[in-house]
Amino acid sequence: MNIILASGSPRRRELLTRAQVDFTIMGVDINETPYDDEHPKDYIQRMVAAKAAAAVSQISLEFADNNSHSIIDGESFLILTADTIGVLPDGKTVLVKPTDFKHAQSMWQQMSDSTHQVWTAVQATLVSTSSLDKQRKVAGRPINNEPLPVVWQKQIIESTEVSFVPLTRAMMEGYWDSGEPADKAGGYGIQGLAAAWVTRINGSYTNVVGLPLAQTLALIDAARNSTSAEEV
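Everything numeric here is computed off the predicted structure, so don't read it as measured data.

## Re the overall build of the protein chain
Here is step 1 of the chain: Counting secondary structure elements, the protein chain contains seven helices and seven strands.
Here is step 2 of the chain: Each helix and strand of the protein chain, placed in order from N terminus to C terminus, yields the pattern β-α-β-α-β-β-α-β-α-β-α-β-α-α.
Here is step 3 of the chain: Put simply, the protein chain has 232 residues, and 46% of those count as buried.
Here is step 4 of the chain: The long-range fraction of contacts in the protein chain, counting pairs at least 24 apart against all pairs at least 6 apart in sequence, stands at 74%.
Here is step 5 of the chain: Here the protein chain displays about 11700 Å² of accessible surface, and carbon together with sulfur accounts for 47% of that area.

## Some thoughts on the packing of aromatic side chains
Here is step 1 of the chain: Overall, the coordinates contain six aromatic pairs when judged by the stated rule.
Here is step 2 of the chain: Their ring planes at 80 degrees and their centres at 5.7 Å tell us that Phe164 and Trp197 sit as a pair that is edge-to-face. Here Phe164, found in strand β6 (residues 150–164), pairs with Trp197, found in the loop between α5 (169–177) and β7 (198–202); they are 33 residues apart in sequence, far enough to count as distant.
Here is step 3 of the chain: Phe164 gets classed as buried once you look at its relative accessible area, which sits at 2%.
Here is step 4 of the chain: By relative accessible area, Trp197 is classed as buried at 5%.
Here is step 5 of the chain: Summarising the aromatic geometry, the rings of Tyr175 and Trp197 are spaced 4.9 Å apart at their centres and angled 65 degrees between planes, so their arrangement reads as edge-to-face. Taken as a pair, Tyr175 in helix α5 and Trp197 in the loop between α5 and β7 lie far apart in primary sequence, 22 residues in all. Each member of the pair, Tyr175 as well as Trp197, carries the same accessibility label: buried.
Here is step 6 of the chain: These aromatic residues form a ring-pair network of at least three members: Trp108, Phe164, Tyr175, Tyr188 and Trp197.
Here is step 7 of the chain: The positively charged end of Lys41 is found above the aromatic ring belonging to Trp119, 4.9 Å away from the centroid.
Here is step 8 of the chain: Sitting over the ring of Tyr35, Arg46 keeps its end group 3.7 Å from the ring centre.

## Looking at the nonpolar core
Here is step 1 of the chain: Membership of the largest hydrophobic core comes to 40 residues, with the highest contact counts inside it found for Trp108 and Tyr188.
Here is step 2 of the chain: The element best represented in this core is helix α3 (residues 101–111), accounting for five residues.

## Some thoughts on the layout of surface pockets
Here is step 1 of the chain: Roughly 1000 Å³ of internal volume is contained in the largest pocket.
Here is step 2 of the chain: In terms of lining residues, the largest pocket is bounded by 43 residues, among which Arg12, Asp83, Thr84, Lys97 and Ala185 are the most central.
Here is step 3 of the chain: Secondary structure elements with two or more residues in the lining of the largest pocket: α1 (10–18), α2 (40–64), β3 (76–87), β4 (94–95), β5 (115–128) and α6 (205–209).
Here is step 4 of the chain: Per-element tally for the lining of the largest pocket: the top contributor is β3, with five residues.
Here is step 5 of the chain: In the lining of the largest pocket, the residues fall into 19 nonpolar, 13 polar and eleven charged.

## Considerations on the pattern of salt bridges
Here is step 1 of the chain: One pass over the structure, following the stated rule, counts six salt bridges.
Here is step 2 of the chain: The shortest N-O distance in the salt bridge between Lys51 and Asp83 comes to 3.0 Å. In this pair, Lys51 sits in helix α2 while Asp83 sits in strand β3, placing the two residues 32 residues apart along the sequence.
Here is step 3 of the chain: For Asp83, a relative accessible area of 7% puts it in the buried group.
Here is step 4 of the chain: Between Arg169 and Glu173 there is a salt bridge, and its shortest N-O distance comes to 2.7 Å. Of this pair, Arg169 and Glu173 both sit in helix α5, four residues apart, which is roughly one turn of the helix.

## Quick word on the packing of α3 against α5
When two helices pack together, you describe them by how their axes are tilted relative to each other and by the distance separating the axes.
Here is step 1 of the chain: The interhelical angle for the contact between α3 and α5, taken along N-to-C directions, is 130 degrees, at an axis separation of 11 Å. Taken together, α3 and α5 sit at an angle that is classed as oblique. By crossing handedness, the relation of α3 to α5 is classed as right-handed. Residues Phe101, Ala104, Gln105, Trp108 and Gln109 of α3 lie in contact with α5, whose contacting residues are Arg169, Met172, Glu173, Tyr175 and Trp176.
Here is step 2 of the chain: Residue classes in the contact of α3 with α5 are distributed as six nonpolar, two polar and two charged.

## Observations regarding the confidence of the model for the protein chain
Here is step 1 of the chain: On average, residues of the protein chain score 87 in pLDDT, and 86% of them are at 70 or above.
Here is step 2 of the chain: Averaged pLDDT values for the elements of the protein chain fall to 54 in helix α4 (residues 130–139) and rise to 98 in β7.
Here is step 3 of the chain: Considering only residues more than four positions removed or in separate chains, one finds that residues 138–142, a stretch of pLDDT under 50, has five contacts.
Here is step 4 of the chain: Contacts from residues 228–232, a stretch scored under 50 in pLDDT, to residues over four places away or in other chains number nine contacts.

Rules used in this analysis
- Residues numbered from 1 in each chain as written.
- Predicted model: local features only at pLDDT ≥ 70, side-chain atom pairs only at ≥ 80, totals over all residues.
- Heavy atoms only, no water.
- Helix = DSSP H or I, 4+ residues; strand = E, 2+ residues; numbered from the N terminus.
- Buried < 20%, exposed > 50% of the residue type's maximum accessible area, 1.4 Å probe, protein only.
- Contact = heavy atoms within 4.5 Å.
- Areas by Shrake-Rupley, 256 points an atom, 1.4 Å probe, with all protein chains shown as cover.
- Phe/Tyr/Trp six-rings, centres within 6.5 Å; stacked < 30°, edge-to-face > 60°.
- Lys NZ or Arg CZ within 6 Å of the ring centre and 35° of its normal.
- Core = buried A, V, L, I, M, F, W, Y, C linked by side-chain atoms within 4.5 Å.
- 1 Å grid on protein atoms, 1.4 Å probe; cavity = no way out; pocket = protein on both sides within 12 Å on 5 of 7 lines; lining within 4 Å.
- Points joined across faces, edges and corners; volume = space filled by probe spheres on them.
- Nonpolar A, V, L, I, M, F, W, Y, C, P; charged D, E, K, R; others polar.
- Salt bridge = Lys/Arg side-chain N within 4 Å of Asp/Glu carboxyl O.
- Axes fitted to C-alpha atoms, helices over the stretch in contact; angles between N-to-C directions.
- Parallel < 35°, antiparallel > 145°, perpendicular 65-115°, else oblique.
- Left-handed = near helix turned anticlockwise from the far one by under 90°.
- pLDDT = per-residue confidence, 0-100.

What follows is the structure in structure tokens.
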């Protein structure tokens with residue numbers, strides 16, 4: 001079973017590599033605009049499902065091309081997709097990537113001396129090429145516009161509570177000037193300089209980094225043990 005990480009996140013790639021998982025990277029492009037009044041959990045669940053669907057479509061197109069084998073090299077593929085967000089104590093306000101220092105400061109002030117949550121949705125989607133490959137061999141030509149069948153899939157959500165020290169303006173300015181907050185949801189990376197802000201966490205540390213590793217490895221094992229049972 002080949003594993004495909006449909007994510008451009010270097011942190012997710014690093015975590016899977018540390019776990020000695022053999023995988024291939026695939027980039028997917030989807031519309032990540034949230035719906036009006038969409039609950040954060042609903043949003044991340046929708047995102048991982050959409051990323052998985054985009055990856056399946058991309059693999060199906062590649063499989064239809066007899067001359068393309070950069071990804072397709074086996075009978076089954078497990079696609080991993082993930083989406084991580086931070087949420088303020090109200091359970092509704094999502095922590096996003098800051099646009100400037102003022103924006104970051106506004107989020108940090110709400111996290112200062114309090115506890116927020118980090119949620120990650122992970123979806124494992126198992127697709128098979130065996131049935132279409134048999135059709136292609138019989139037909140003697142590519143099977144065009146035929147999506148690869150999803151034979152099993154499962155989605156999980158992991159939540160971690162993160163508590164911060166009281167933050168002063170000098171602390172916030174110094175951290176912003178480091179350049180680290182710019183590309184991170186909530187404007188901080190727990191694996192970087194912001195580790196000094198964290199008094200405690202309740203839950204998975206790797207979840208805050210971007211991928212709950214133990215839970216993701218359990219998904220991979222569940223997929224390996226599955227044959228044709230479909231699970232959503």
